[in-house]
Amino acid sequence: MDKLRIEGQHPLRGVVQASGAKNAALPAMAAALLTAEPVELRNVPQLMDVRTLRRLLGSLGAAVEQDGDTVRIDAREIGNVEASYDLVKTMRASVLVLGPLLARFGQARVSLPGGCAIGARPVDQHIKGLQALGADITVEQGYIVARTATSSGRLRGARIATDMVTVTGTENLMMAATLAEGETWIDNAAREPEVVDLARLLRAMGARISGDGTSQIRVVGVERLHGARHRVIPDRIEVGTFLCAALATRGDVTVTGADPGHQDALLDKLSEAGAQIETAADRIRLRADALAGGRPRAVSVRTTEYPGFATDMQAQFMAVNCIADGTARITETIFENRFMHVQELVRLGARIDIDGHSCIVQGMPRLSGASVMATDLRASAGLVVAGLAAEGTTLIDRIYHLDRGYDAIEVKLRGLGADIARVTGKGD
Ligand code: UD1
């Protein structure tokens, strides 16, 4: 099993290019199922979750080609409407094919995602919303079995209010509603930039959607959608990870191909920690090479839905706090059980106490390298940030978690001067 070996305490310096957003690319690829014409997506990151969804679309009968960061999907011939457990269990976002399959073909069978390292993560809101749109849904042998139950065979518009803000839930319902008869309102919708990006693609395909980016989305159904070309937005979590790594190593890093407009909450917190931030239209520079006192200041955060502080940045920002001056409280409100990186950070010498949904992080002057284990995607990114800041060698095991969501992270970090290498292990 591959590991990452990091020799820490090299300040990161230089320029790094952001990849396209994983969480925008995945729904965009699923949206291609809504039309019989080709959809071309550019700026698609090359990472495991994208490969998993390519395989899933292929298993349904779609023709999928990838050339660098361009993916072309032709879903003219779909011979199968089942997303198997084997594919869904490795990536929960596979559930994004449910809405499009049901809307276009009137039926879908999608495996329930099953257990997940960061809490229960049910899909009840996806199901409830699709039922409101006229689907008949049962769970059989671990599969969500959905059929359109209307006389016309099409879903029908409805007013849907989700019980909590759900990103992929909003995306699934928005996609399903594009081909429904009549008007759909999604109340309590997620406002994430990735939802807005999906709406932009769907509009390019002929959908009638407004209100995306607010908590109330309106979709007026159309009979069919057509092909489109679309450029996926930058990955704000990858960008944020590089910025945290730059701060933790007291570096000077410019991330290009970024959208600073998507990063307000994080940039505020990084500034509060003492970093100097400069932004231009498509880039963000973080300077931390002249921090007062030589260390970042401890900064408390509370994760919330966009535009608040992203739960996907919680572990990386905690890693910065581990070496900060002072004590911070990190509160997680989106997912239960999303502190699995804590015990690994403690192995690096961090001082952290868990108090319910919060962690109290007492900043230490230094961390020291150790062997640690990645437990989920963003937890792994937090360990990378900590390892880059720590003295000596950190060995991160189970980095397949990291490979799910980061496009060549060790190559990009090496370009910034990090001493980081992938160690390919056999059977260990
Ligand atoms: C998406 C992101 C993920 C990010 C998360 C929160 C993708 C592919 N993944 O995940 O990186 O961490 O948003 O920003 O975009 N919930 C329910 N029932 C549902 C749906 C959600 O109870 O039917 C709960 C979840 O358990 C969680 C909360 O709602 O506690 C938010 O989850 P959600 O926004 O749905 O996360 P994802 O869309 O899976």
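For the structure itself, consult the block above.
Throughout what follows, the structure given in this document is the object of discussion. (Residues numbered from 1 in each chain as written. Predicted model: local features only at pLDDT ≥ 70, side-chain atom pairs only at ≥ 80, totals over all residues. Heavy atoms only, no water.)

1. With respect to the overall build of the protein
- From N to C terminus, the protein includes 14 helices and 24 strands.
- The C-alpha radius of gyration computed for the protein amounts to 22 Å, which stays within 12% of the reference 22 Å derived for 428 residues, consistent with globular compactness.
- By its C-alpha atoms, the protein is 70 × 45 × 40 Å across when sized along the principal axes.
- Per-residue burial for the protein yields a buried fraction of 57% across its 428 residues.
- In the protein, the share of contacts with a sequence separation of at least 24, taken over all contacts with a separation of at least 6, comes to 74%.
- Counting only carbon and sulfur atoms, one obtains 45% of the accessible surface of the protein, whose full area is about 16200 Å².
- Taking the 49 positively charged and 51 negatively charged side chains of the protein as two groups, their mean positions are separated by 1 Å. (Helix = DSSP H or I, 4+ residues; strand = E, 2+ residues; numbered from the N terminus. Rg over C-alpha atoms; globule rule 2.2 N^0.38 Å. Buried < 20%, exposed > 50% of the residue type's maximum accessible area, 1.4 Å probe, protein only. Contact = heavy atoms within 4.5 Å. Areas by Shrake-Rupley, 256 points an atom, 1.4 Å probe, with all protein chains shown as cover. Lys, Arg positive; Asp, Glu negative; His and termini not counted. Charge placed at Lys NZ, Arg CZ, Asp CG, Glu CD.)

2. With respect to the sheet that holds strand β21 (residues 358–362)
- Taken in spatial order, the 4 strands of this open sheet run β18-β19-β21-β20, and their pairing is mixed. Strands with a single pairing partner mark the edges of an open sheet, and in this sheet they are β18 (301–302) and β20 (351–355).
- The strands that helix α10 (residues 314–322) touches are β18, β19 (327–331), β20 and β21; relative to β21, the one it contacts most, it runs at about 30 degrees. (Pairing = 2+ DSSP bridges. Axes fitted to C-alpha atoms, helices over the stretch in contact; angles between N-to-C directions.)

3. Examining the state of the cysteines
- Per the stated rule, a full pass over the model turns up 0 disulfides.
- C322 supplies the cysteine sulfur nearest to C244, a cysteine that is in no disulfide, at a spacing of 11 Å.
- Take C244: its relative accessible area is 0%, and that puts it in the buried class.
- You can call C322 buried: its relative accessible area is 0%. (Disulfide = S-S within 2.5 Å.)

4. Topic: the site of the ligand
- Taken together, 19 residues lie near the ligand, and D124, T166, T168, D312 and I334 sit nearest.
- Side-chain polar atom of T166 to an oxygen atom of the ligand: 2.7 Å apart, as the coordinates give it.
- In this structure, an oxygen atom belonging to the ligand sits 2.8 Å away from a main-chain N or O atom of V167.
- Starting from 740 Å² of accessible surface for the ligand in isolation, the protein chains cover 87%.
- Those elements that provide at least two residues to the shell around the ligand are α5 (124–132) and α6 (167–178).
- Ranked by residues supplied to the shell around the ligand, first place goes to α5 with 3 residues. (Near = heavy atom within 4 Å. Polar contact = N/O pair within 3.5 Å; in protein donor to acceptor, adjacent residues only side chain to side chain.)

5. Details of helix α9 (residues 264–272)
- Within the sequence span of α9, burial applies to A265, L266, L267 and L270.
- For α9, the elements touching its buried residues are α8 (236–248), β16 (276–280), β17 (283–287) and α10.
- One or two steps after α9, the chain reaches G274, where phi turns positive at roughly 110 degrees.

6. Focus on the nonpolar core
- The biggest cluster of nonpolar side chains holds 76 residues, and the ones touching the most others in it are L34, L57, V97, L130, M174 and L202.
- Ranked by residues supplied to this core, first place goes to helix α1 (residues 22–31) with 7 residues.
- What L57 contacts, discounting residues up to four positions off in sequence, is M29, L33, A62, V64, I73 and V97.
- In terms of nonpolar packing, the next biggest core, distinct from the first, is built from 68 residues, V253, V301, F339 and A418 among them. (Core = buried A, V, L, I, M, F, W, Y, C linked by side-chain atoms within 4.5 Å.)

7. What about α8?
- The first and last C-alpha atoms of α8 sit 18 Å apart over 13 residues, in line with the 18 Å expected at 1.5 Å per residue.
- In terms of burial, α8 is a largely internal element, 13 of the 13 residues being buried.
- Capping of α8 at its N-terminal end is provided by D235; its side-chain oxygen lies 2.9 Å from the backbone amide nitrogen of I237.
- Positive backbone phi, at 55 degrees, marks R250, one or two positions downstream of α8. (Expected span 1.5 Å × (residues − 1).)

8. Looking at the pairing of strand β13 (residues 216–220)
- Sheet topology places strand β11 (residues 183–187) next to β13; 5 bridges connect them, and they run antiparallel. Residue pairing for β13: T184 is matched across the bridge by V219.
- In terms of strand pairing, strand β12 (residues 208–210) meets β13 through 3 bridges, oriented antiparallel. The residue of β13 that forms the bridge with I209 is V219.
- In this structure, the hairpin formed by β12 and β13 is closed by a connection of 5 residues, where G211 is found at a positive phi of approximately 90 degrees.

9. Side note on the pattern of salt bridges
- Applying the stated criterion across every chain, the model contains 27 salt bridges.
- Where D74 meets R76, a salt bridge forms, and the shortest distance between an N and an O atom there is 3.0 Å.
- We classify D74 as buried; its relative accessible area is 19%.
- Notably, a salt bridge pairs K269 with E272, separated by 3.7 Å at the nearest N-O pair. Here E272 and K269 lie together in helix α9, a separation of 3 residues that amounts to about one turn.
- Taking the relative accessible area as the measure of exposure, E272 reaches 43% and is therefore partly exposed.
- Three or more residues joined by partner-sharing salt bridges are found here, namely R13, D252, R285, R287 and D289. (Salt bridge = Lys/Arg side-chain N within 4 Å of Asp/Glu carboxyl O.)

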